[in-house]
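One-letter residues, chain by chain:
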Amino acid sequence: MQKFITADGTETFLNEQVQETYHSQTGAVEEALKKYAVPCKIAELARSNGKIKILDVCSGMGYNGAMAIDVALEANPDCEIEVIGLEYDPKTIQWIQEVNPPIKCYVWFKQLNPQKLEFQQGKVQVKFILGDARETCKRLPPEYFDAIFFDPFSPKPAPEMWSKEFFEGMYRVIKTTGILATFSCARMARENMAAAGFMYDDGPIVAGRRGPGTIATKWVFP
């Protein structure tokens, strides 16, 4: 498997089947922060609620979840955090041992491997669930998550991951006040979000990308 160094110096890998890297080559850590943690208001939740539950869809090597933990603990060191990652490929969990992104808590993720899929560090709990996320999400409790990081491969090579049915699964497990964030603004993705019941709006534009991401909620944006 070919390794790439993204623009912010972070390591990622190429998936040869779909010919896409697991993270944006414009900067994997920057994307984890600006496409997911910030639009999902992780810092604000940490300060106001003191508890955060995050669903990291297609979690890969855990960069997005780890960044969210860093952001939450910086805002509130006593915050209780639960991250559940849904991932199909166990090789990505093996790769955790091969990368060292500039994320403080990522050293905790080194406890993970395909045989050990969870850890607890103080008030932080992380669990990966292996399998097809379209199926494993059906085992999750309803209206449970404050934030969903939706990060499959892009709609063109993986349209099945952007279906109305999968977004209905996301709608079921997110809280009424929750926010879903994704990197894509593809028309098909947004139409299927809306068909599943979500309201959507533009997310941030991260350096190097032409279009915005998308944020979606069960409520209308002010």
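Please refer to the structure higher up on the page.
In this text the structure is predicted, and so the values were computed from the model without any measurement.

Chemist: Go over the nonpolar core, please, and point to the residues and values.
Modeler: Generally speaking, a soluble globular protein has its nonpolar side chains buried in company with each other. Formed by 68 residues in total, the largest nonpolar core has its most connected members in I42, L55, F109, I148 and M170. With seven residues, helix α3 (residues 63-75) is the single largest residue contributor to this core. In this structure I148 touches C40, L55, V57, M170, V173, I174, I179, L180 and A181, once residues within four positions along its chain are discounted.

Chemist: Explain the sheet that holds strand β7 (residues 124-130) to me, and be specific about the residues and the numbers.
Modeler: Strand order in the open sheet formed by eight strands is β6-β7-β5-β4-β8-β9-β11-β10, with mixed pairing between adjacent strands. Across the chains shown, the open sheet's two edge strands, defined by having one partner strand only, are β6 (118-121) and β10 (199-202). Sheet twist, expressed as the average angle between the axes of neighbouring strands with direction ignored, equals 15°. Relative to β7, β6 runs antiparallel, the two sharing four bridges. Bridge assignment links E118 to a residue of β7, and that residue is K127.

Chemist: How would you explain unusual backbone geometry if you had to name every residue and give the values?
Modeler: Positive phi is not limited to glycine here, since K41 has a value of about 60°. Residue placement: K41 occurs in the loop between α1 (28-37) and α2 (42-48). On the accessibility criterion, K41 (41% relative accessible area) is partly exposed. For C58, which is not glycine, the phi dihedral falls at a positive 60°. With respect to the helices and strands, C58 occurs in the loop between β4 (51-57) and α3.

Chemist: Requested: an account of the packing of aromatic side chains, with residues and values cited.
Modeler: Each aromatic ring pair is characterised by the separation of its centres together with the angle its planes make. Applying the stated criterion to the full structure yields eleven aromatic pairs. Consider the rings of Y106 and F109, whose centres lie 5.5 Å apart with planes at 5°: the pair is stacked. A residue pair is termed a helical-turn pair when its members lie 3 or 4 positions apart in one helix, as Y106 and F109 do in helix α5 (residues 106-109) at three residues. Per residue, the accessibility class of Y106 equals that of F109, and both read buried. Put simply, the rings of F150, W162, F166, F167 and F183 pair up and form one aromatic cluster. It is K53 that lies over the ring of Y144; its NZ or CZ is 5.2 Å from the centre. The ring of Y171 carries K218 above its face, with NZ or CZ at 4.6 Å from the centroid.

So, how was this worked out
- Residues numbered from 1 in each chain as written.
- Predicted model: local features only at pLDDT ≥ 70, side-chain atom pairs only at ≥ 80, totals over all residues.
- Heavy atoms only, no water.
- Core = buried A, V, L, I, M, F, W, Y, C linked by side-chain atoms within 4.5 Å.
- Buried < 20%, exposed > 50% of the residue type's maximum accessible area, 1.4 Å probe, protein only.
- Helix = DSSP H or I, 4+ residues; strand = E, 2+ residues; numbered from the N terminus.
- Contact = heavy atoms within 4.5 Å.
- Pairing = 2+ DSSP bridges.
- Axes fitted to C-alpha atoms, helices over the stretch in contact; angles between N-to-C directions.
- Phe/Tyr/Trp six-rings, centres within 6.5 Å; stacked < 30°, edge-to-face > 60°.
- Lys NZ or Arg CZ within 6 Å of the ring centre and 35° of its normal.

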